[in-house]
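So you can see what is in the structure, the chains are spelled out below.
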Amino acid sequence: MGLFDIFRKKKIEESSEVSKDSVESLSNQDNSAVHEIPEEIQEPKVEQNLDAIEESVSEHVSKSDPIQEPELSVEPEVVEQQIYTKGLEKSRTGFAARFNKFLANFRSVDEDFFEDLEETLVGADVGFDMAIKISDDLREEVKLENVHRPEDVRDVIIKKMVDMYEADGVNEDATMHFNVNGTTVILLVGVNGVGKTTTIGKLSTKYQQQGKSVLLAAADTFRAGATKQLQEWGIRAGVPVVAGKEKADPASVVFEAVAKARDEHYDILFVDTAGRLQNNVNLMQELEKMKRIIKREIPGAPHEVLLVLDATTGQNALQQAKLFKNSSDVTGIVLTKMDGTAKGGIVFAIRNDMQLPVKWVGFGEKASDLREFKPEEFIYGMFKDLMA
Ligand SMILES: Nc1nc2c(ncn2[C@@H]2O[C@H](COP(=O)(O)OP(=O)(O)OP(=O)(O)O)[C@@H](O)[C@H]2O)c(=O)[nH]1
């Protein structure tokens, strides 16, 4: 079943749940409510001012409850869907607002229509290339299918986006790679403040809870406080941390940590790296040096080089991805702060422009807010309010 079919199936299931709930609640109410459309299936309201979108969405989301810890009595897939739906609330509302504004201006399929569409998609962080590709593909399709009503136009566009996203990812390997013969070394890279240390804390909690032995290396000796922050996560997760003195050579910390992990048979070693040095060339050289040491001590390592990107930085995140992809062998992306962006389109842009798999996604600051990336949950969480 294709991604779009999975999305439709989830929508149908949701609608039948909504109507079941509505029937149940209506049967308990007086008849005056019978003709009211349940709020869940009303069309989202059109925002007139795009500048106000992010503000109103932030307000709306910050009033909601934080993501709840998974409830164990519920099916894991249902919990996952709820977490994605909650975590993508801001993106979904922001995207719907942009899209509905675009559709409110829709009169006919002409040049202005395609220009507006491209602007809307780029504004949602989908990326310039993908916006143009969608608009070009749609030129023929919309004419051929004789689409006139705004809701039909909307459905064709969403289907196109989902289909393109799926097609771009056919050869993508989003699984985590582990060393079957010893310690797995996972290097976390990315500019400062994107969430590397937090992600290591979350991942080590996860793997520790699965019964794996985990060791952390505090190789960000550049930023004062980075080591302490990692040590705090280490205490919380119950995993040891190898640290050097302030301003110590990061490579020496890595050497010590790799030797300890190998000799003491740890299952996983996470290496936290600096996000900023004197300049990008130094940063990349430093990462190279660390990788050489890791490889020398454990052949085949590092098994993963995860690039951490902050979803709220949009096109900047894409620039960072290009920089790191060109100089270090990135194996996957961790997209943090998805809960904080009103433009979830970055996920499309990463696959389309970078051909790198998103392996993890962050929906908040708690350990349980880091989730394995699931395209079907992402698509549903993004578009569920936008299709009938
Ligand atoms: N809302 C939200 N905040 C996050 C998420 N991931 C990380 N953060 C927050 O982002 C901030 C920066 O995270 P760090 O882990 O310190 O970032 P870093 O990349 O290690 O930063 P440097 O050590 O300066 O390179 C912290 O306040 C985290 O709590 C997320 O998924 N959602």
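Figured I'd write up the structure that's included with this text. Please read all numbers here as calculations on a predicted model, not as lab measurements. (Residues numbered from 1 in each chain as written. Predicted model: local features only at pLDDT ≥ 70, side-chain atom pairs only at ≥ 80, totals over all residues.)

Describing the site of the ligand
Rule in force here: What makes a residue near a molecule or strand is its C-beta atom, placed from the backbone, lying within 6 Å of it. Strands here mean DSSP runs of E at least two residues long; helices mean DSSP runs of H or I at least four residues long; both are numbered from the N terminus. Lys, Arg, Asp and Glu make up the charged group, whereas Ala, Val, Leu, Ile, Met, Phe, Trp, Tyr, Cys and Pro make up the nonpolar group; the residues left over, Gly among them, are polar.
Asn192, Gly195, Thr198, Gly275 and Gly362 are the nearest of the 23 residues found near the ligand. Those elements giving two or more residues to the shell around the ligand turn out to be α8 (196–209) and α9 (226–237). Per element, the largest residue contribution to the shell around the ligand is three residues, and it comes from α8. Taken together, the residues of the shell around the ligand break down into four nonpolar, 12 polar and seven charged.

Some details on the sheet that holds strand β5 (residues 304–310)
We count it as follows: Each pair of strands is called paired provided DSSP finds at least two bridges between the two strands. Inter-axis angles, ranging from 0 to 180 degrees, are taken between N-to-C directions of lines fitted to C-alpha atoms, where helices are fitted over the stretch in contact.
Ordered by their spatial adjacency, eight strands build an open sheet running β3-β2-β4-β1-β5-β6-β7-β8, and the pairing between neighbours is mixed. Of all the strands in the sheet, the pair left with one neighbour each is β3 (241–243) and β8 (370–372). Each neighbouring strand pair of the sheet contributes to a mean axis angle of 25°, computed without reference to strand direction. Where strand β2 (residues 214–219) and β3 come together, three bridges link them in parallel fashion. Its bridge partner being in β3, Ala217 is matched across the sheet by Val242.

Overview of the nonpolar core
Test applied: The term nonpolar core means buried Ala, Val, Leu, Ile, Met, Phe, Trp, Tyr and Cys residues held together as one set by C-beta atoms within 7 Å. Three exposure classes are used. Buried residues have 20 or more other C-beta atoms within 10 Å of their own C-beta, exposed residues have 12 or fewer, and partly exposed residues fall in between, all C-beta atoms being placed from the backbone. Contact criterion: two residues are in contact if their C-beta atoms, reconstructed from the backbone, are within 7 Å.
Judged by nonpolar contacts, the single largest core of 96 residues is most densely connected at Ala217, Ala218, Val254, Ala257, Leu269, Phe270 and Val271. Contacts of Val271, omitting those with residues within four sequence positions, involve Val185, Leu187, Leu188, Ala217, Ala219, Val254, Ala257 and Met290.

Thoughts on unusual backbone geometry
Ala301 connects to Pro302 through a cis peptide bond whose omega is -5°. In this model, His265 sits at a positive phi of 55°, which is unusual for a non-glycine residue. Of the residues examined, His265 has 9 C-beta atoms within 10 Å and is grouped as exposed. Its identity as a non-glycine residue notwithstanding, Lys337 has a phi of 60°, on the positive side. Relative to the assigned elements, Lys337 resides in the loop between β6 (332–336) and α13 (346–354). A residue is classified by how many C-beta atoms lie within 10 Å of it, and Lys337, with 20 of them, is buried.

Examining the packing of helix α7 (residues 150–168) against α13
Our working rule: By the definition adopted for this analysis, an angle is roughly parallel if under 35 degrees, roughly antiparallel if over 145, roughly perpendicular if from 65 to 115, and oblique otherwise. Handedness of each helix crossing follows the sense of rotation of the near helix against the far helix: counterclockwise by less than a right angle gives left-handed, clockwise gives right-handed.
With their axes 9 Å apart at the nearest point, α7 and α13 run at an angle of 45° to one another. Compared by their axis directions, α7 and α13 come out oblique. The interaxial crossing formed by α7 with α13 has left-handed handedness. Taken together, the residues of α13 that come into contact with α7 (itself represented by Met161, Tyr165 and Asp168) are Phe348, Arg351 and Asn352.

Observations concerning the environment of Asp137
Mapped onto the elements of the fold, Asp137 is located in helix α6 (residues 128–144). Each C-alpha atom, one on Asp137 and one on Lys160, is 8.3 Å from the other, the two residues being 23 residues apart in sequence.

Things to note about α13
Of all nine residues making up α13, eight are buried, and the element is well covered by its neighbours. Regarding α13, the residues found buried are Ile346, Val347, Phe348, Ala349, Ile350, Arg351, Asn352 and Met354. One or two steps after α13, the chain reaches Gln355, where phi turns positive at roughly 50°.

So, the pairing of β5
Counted residue by residue, β5 has six buried out of seven residues, so it is predominantly covered. The pairing of strand β1 (residues 184–189) with β5 spans four bridges and is parallel. Across the sheet, the residue bridging to Leu188 is Leu306, located in β5. Two strands pair when backbone bridges link them, and β5 and β6 are joined in this way by five bridges, in the parallel orientation.

A few points about helix α4 (residues 89–104)
Condition: Multiplying 1.5 Å by the residue count of a helix minus one yields the expected span of that helix.
Across its 16 residues, α4 extends 22 Å between first and last C-alpha, which sits within 8% of the 22 Å expected from 1.5 Å per residue. Within α4, 14 of the 16 residues are buried, leaving the element largely enclosed by the surrounding structure.

Some words on the pairing of β6
As a reminder of what qualifies: Whether a crossover is right-handed depends on one test, that the path from the first strand over the helix to the second runs clockwise when the strands point away from the viewer.
Of all five residues making up β6, five are buried, and the element is well covered by its neighbours. Judged by which residues are buried, β6 turns out to be covered on both faces: Gly332, Val334 and Thr336 on one side and Ile333 and Leu335 on the other are all buried. With respect to chirality, the unit in which β5 leads through helix α12 (residues 315–327) into the neighbouring parallel β6 is right-handed. With three bridges joining them, β6 and strand β7 (residues 358–362) adopt parallel strand pairing. Each residue of the ladder has a partner; that of Ile333, found in β7, is Val358. The parallel pair β6 and β7 is bridged by α13, and the resulting crossover is right-handed.

Remarks on the packing of helix α10 (residues 250–263) against helix α11 (residues 280–297)
Packing of α10 against α11 leaves a shortest axis separation of 9 Å and a crossing angle of 25°. On the basis of the axis angle, α10 is roughly parallel to α11. Of the two possible hands of crossing, α10 and α11 adopt the one that is right-handed. Touching Pro250, Ala251, Val254, Phe255, Val258, Ala259 and Arg262 of α10 are Glu286, Lys289, Met290, Ile293, Ile294 and Glu297, all from α11. Across the contact of α10 with α11, the residue classes tally to nine nonpolar, no polar and four charged.

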